[in-house]
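Overview (structure and organization)
Read off the chains here:
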Amino acid sequence: MGIRRSLGAEVTSEMAGCAVEGGCATDYIAISIALISIILLFTRSTLPFLIHKVPRPKGSSFWLPAIQVFASFNLLLSIVMSVNFLNFKRRHWWQSCYMWAVWIEGPLGFGLLLSCRILQAFQLYYIFLRRRLPPVRSHIFLLSILLPWIAGAAFIHTRKPLNYRCHMRAQWTIPVVCFHALYVAALVGFTGAIRHIKFRFHELEDLWRGILFSTSSIGIWAVAYVLNEIHDNIGWLQVASRFLLLSMASLFVLAFFSISISQPLVSQMSLRKKEAQGFDSMGQALGIHDSGLLLQRESAPVVDPNEPLDKVLLNKRFRRSFMAFADSCLAGESVHFYEEVHELNKVPVDDTVRRIYMARHIIEKYIVAGATMEVNISHRSRQEILTTPDLAHPDLFKNALNELVQLMKMNLAKDYWSSMFFLKLKEEANIISIGHELEEVTGWNFSPRLSCVHGDDDPFHQEHPPKDSGQSSHDLGSTMK
């Protein structure tokens, strides 16, 4: 009996020691969960680009998701360092409670995550509800809404309300929780304003999920604080609340992360290399009729070099051939821009949501300074697009398109008519025309890839009985013999 009591006392003292100083088994389990969540988060944010070789976007489309990953890592690391998950002595300034529990966890962690999501909701509000680009640059807006977090952290640092366990005194808890809730309320306000928009890439669902998990995290943080402060003499309760806090934060950063708002096409890509990319263009993702499709049996009229370029560009086969030639000259931006604007013009004027999606995609890809395929247009045309009061206007890209067509006439078109790309296009058009003529005469199915060869030596040839023939295929074969 005495041995059992002594063993029980040792276990109890060990439990009480790790409850205060850290290093319990559940603490390491929670840290492992946090590490797995960070690995999964990094995988979700990078694998689509690594697998499908998607060009890295520029501007806020890239750095907003990157900042979310950075803030998520800071939040989890700050919880580990400030809530005594690890048994270490705070001997250096970078190990202090104010470094991790105030600065890293606040302005660079939870506050930065909420600010990024508010910025994304603000962008959706202006683009889809106000139908114009936001009047404030993304990085300026983010810094402005992050300033209160920085000011609050500086104020707490000067007043020194934390104890040796990195917990605030009771009179500080309510203001801090209210400050967190204020930012969640701002996110709810922007999200509620756009709740009636029929988004195509689950942006609204991502916003509501972020609100749910951020609210839950604030509540769990408050409960964990109360349990650790009021019942600091109960060891198992401190360990359990600590485990719950980090585990919930690990789930929070996974659920809070989203690229559907900043990178809609990337959000639709599979993480498996064997599976298809999903959508090759925004037009296909939006379900625009015949977007990016080139039917093999589509008619191929002969292109006349004497016709105006803007007229022959309406021919899809010519446009694809001309685009391939321009890409080979490292000057394909103008033709790609024409292609996407052509897709935009297929969307009905009253379908404002799809038109705005397409217009926003074109602006980010071709118009903004430093875009991946920035086109060479005048400053006046560029500013007309960037400052437009209506992103769904049917003539939004009209002036820019006219300028680029003139440039293509003077540069690319002259070289194209004497290139192998044009000769190949004419040859394909002739083959298809001959195939159509023979098909109309005989009813046989010709492939445009083949010459006029018929019989058993043709591997692509399939016998089809004439429509007016009443004989069976066996009889037809006997007759041919």
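Structural notes, computed from the coordinates. For clarity, every value in this text was computed on a predicted model and none was experimentally measured. (Residues numbered from 1 in each chain as written. Predicted model: local features only at pLDDT ≥ 70, side-chain atom pairs only at ≥ 80, totals over all residues. Heavy atoms only, no water.)

**Here we look at the pattern of salt bridges**
For clarity, the threshold we go by: A side-chain nitrogen of Lys or Arg and a carboxyl oxygen of Asp or Glu constitute a salt bridge if their distance falls within 4 Å. Secondary structure counts use DSSP, requiring at least four H or I residues in a row for a helix and at least two E residues in a row for a strand, with both numbered from the N terminus.
Under the criterion given, the structure shown has ten salt bridges. In this structure, Glu339 engages Arg319 in a salt bridge whose closest nitrogen and oxygen atoms are separated by 2.5 Å. Residue Glu339 is located in helix 14 (residues 333-344), and its partner Arg319 is located in helix 13 (residues 316-328); the two are separated by 20 residues in the primary sequence. Sharing partners across several salt bridges, the network here consists of Arg319, Arg320 and Glu339.

**Re the packing of aromatic side chains**
In plain terms, the rule: Here is the rule: rings of Phe, Tyr and Trp (six-membered ring for Trp) pair when centre to centre is within 6.5 Å. Planes less than 30 degrees apart are stacked, more than 60 are edge-to-face, and the remainder are tilted. For every residue, the accessible area obtained with a 1.4 Å probe (protein chains only) is divided by the maximum for its type, and the residue is called buried under 20%, exposed over 50%, and partly exposed between those limits. We call a charge positioned above a ring when the Lys NZ or Arg CZ atom is no farther than 6 Å from the ring centre and deviates by at most 35 degrees from the ring normal.
Here the structure, examined in full by the defined rule, presents 25 aromatic pairs. Ring geometry for Phe155 versus Trp172: centroids 5.9 Å apart, planes at 45°, classification tilted. With Phe155 in helix 6 (residues 138-159) and Trp172 in helix 7 (residues 170-193), this residue pair connects regions lying 17 residues apart in the sequence. On the numbers, 5.6 Å between centres and 65° between planes, the contact of Phe325 with Tyr416 is edge-to-face. Linking Phe325 in helix 13 with Tyr416 in helix 18 (residues 412-416), this pair joins segments that are 91 residues apart in sequence. Like Tyr416, Phe325 is buried. Three or more aromatic residues joined by ring pairs form one cluster here, namely Phe318, Phe322, Phe325, Tyr416, Trp417, Phe421 and Phe422. The aromatic ring of Phe85 is capped on one face by Arg242, whose charged end is 5.8 Å from the ring centroid.

**Describing unusual backbone geometry**
Positive phi, close to 55°, is recorded for Lys160, a residue that is not glycine. Within the fold, Lys160 resides in the loop between helix 6 and helix 7. On the accessibility criterion, Lys160 (43% relative accessible area) is partly exposed. In this structure, Leu330 is a non-glycine residue whose phi angle is positive, near 60°.

**Digging into the nonpolar core**
Using the following cut-off: Here, nonpolar core refers to any group of buried Ala, Val, Leu, Ile, Met, Phe, Trp, Tyr and Cys residues whose side-chain atoms link them within 4.5 Å. Throughout, a contact is declared for two residues whenever any of their heavy atoms are within 4.5 Å.
Counting 101 residues, the largest nonpolar core has Phe128, Leu246, Phe318, Phe337, Ile367 and Phe397 as the members making the most contacts within it. A per-element tally of this core places helix 5 (residues 106-129) first, with 14 residues. Contacts of Phe128, omitting those with residues within four sequence positions, involve Ile197, Phe199, Val353, Ile356, Tyr357 and Arg360.

**Looking at the packing of helix 14 against helix 17 (residues 398-410)**
Which entries qualify depends on this criterion: Here an axis means a line fitted to C-alpha atoms, over the contact stretch when the element is a helix, while the angle between two N-to-C directions is reported on a 0 to 180 degree scale. Each angle receives one of four descriptions, namely roughly parallel if under 35 degrees, roughly antiparallel if over 145, roughly perpendicular if within 65 to 115, and oblique otherwise. Two helices cross in a left-handed way if the nearer one is turned anticlockwise from the farther one by less than a right angle. They cross in a right-handed way if the turn is clockwise. Amino acids are sorted into nonpolar (Ala, Val, Leu, Ile, Met, Phe, Trp, Tyr, Cys and Pro), charged (Asp, Glu, Lys and Arg) and polar (every other residue, Gly among them).
Relative to each other, helix 14 and helix 17 sit at 140°, their axes nearing to 10 Å. Overall, the two elements helix 14 and helix 17 adopt an arrangement that is oblique. Classified by chirality, the crossing of helix 17 by helix 14 is left-handed. Contacts between helix 14 and helix 17 involve Ser334, Val335, Phe337, Tyr338 and Val341 on the former and, on the latter, Ala400, Leu401, Leu404, Val405 and Met408. Residue composition of the contact of helix 14 with helix 17, by class: nine nonpolar, one polar and no charged.

**Notes on the environment of Ile356**
Structurally, the position occupied by Ile356 is in helix 15 (residues 352-367). In sequence terms Ile356 and Ala392 are 36 residues apart; their C-alpha atoms lie 5.3 Å from each other. If we ignore the near neighbours within four places in the chain, the residues touching Ile356 are Ile127, Phe128, Arg131, Leu391 and Ala392.

**Looking at the packing of helix 3 (residues 60-82) against helix 6**
Two elements in contact, helix 3 and helix 6, have axes whose closest approach is 11 Å; the angle formed by their N-to-C orientations is 30°. On the basis of their axis angle, the class for helix 3 and helix 6 is roughly parallel. Of helix 6, the residues touching helix 3 (which contributes Ser60, Trp63 and Ile67) are Ser138, His139 and Leu142. Looking at the contact of helix 3 with helix 6 residue by residue, the class counts come to three nonpolar, three polar and no charged.

**A closer look at the state of the cysteines**
Keep this limit in mind: Cysteine sulfur atoms are paired as a disulfide whenever they fall within 2.5 Å.
One pass over the structure, following the stated rule, counts two disulfides. Bridging Cys18 to Cys24, the disulfide has an S-S length of 1.9 Å. Linking Cys18 and Cys24, the disulfide has an S-S dihedral of approximately 95° and is accordingly described as right-handed. Cys24 carries the same exposure label as Cys18, and that label is buried. Across the disulfide from Cys97 sits Cys166; the S-S distance is 1.8 Å.

Limitation: the analysis is restricted to geometry and does not speak to function.
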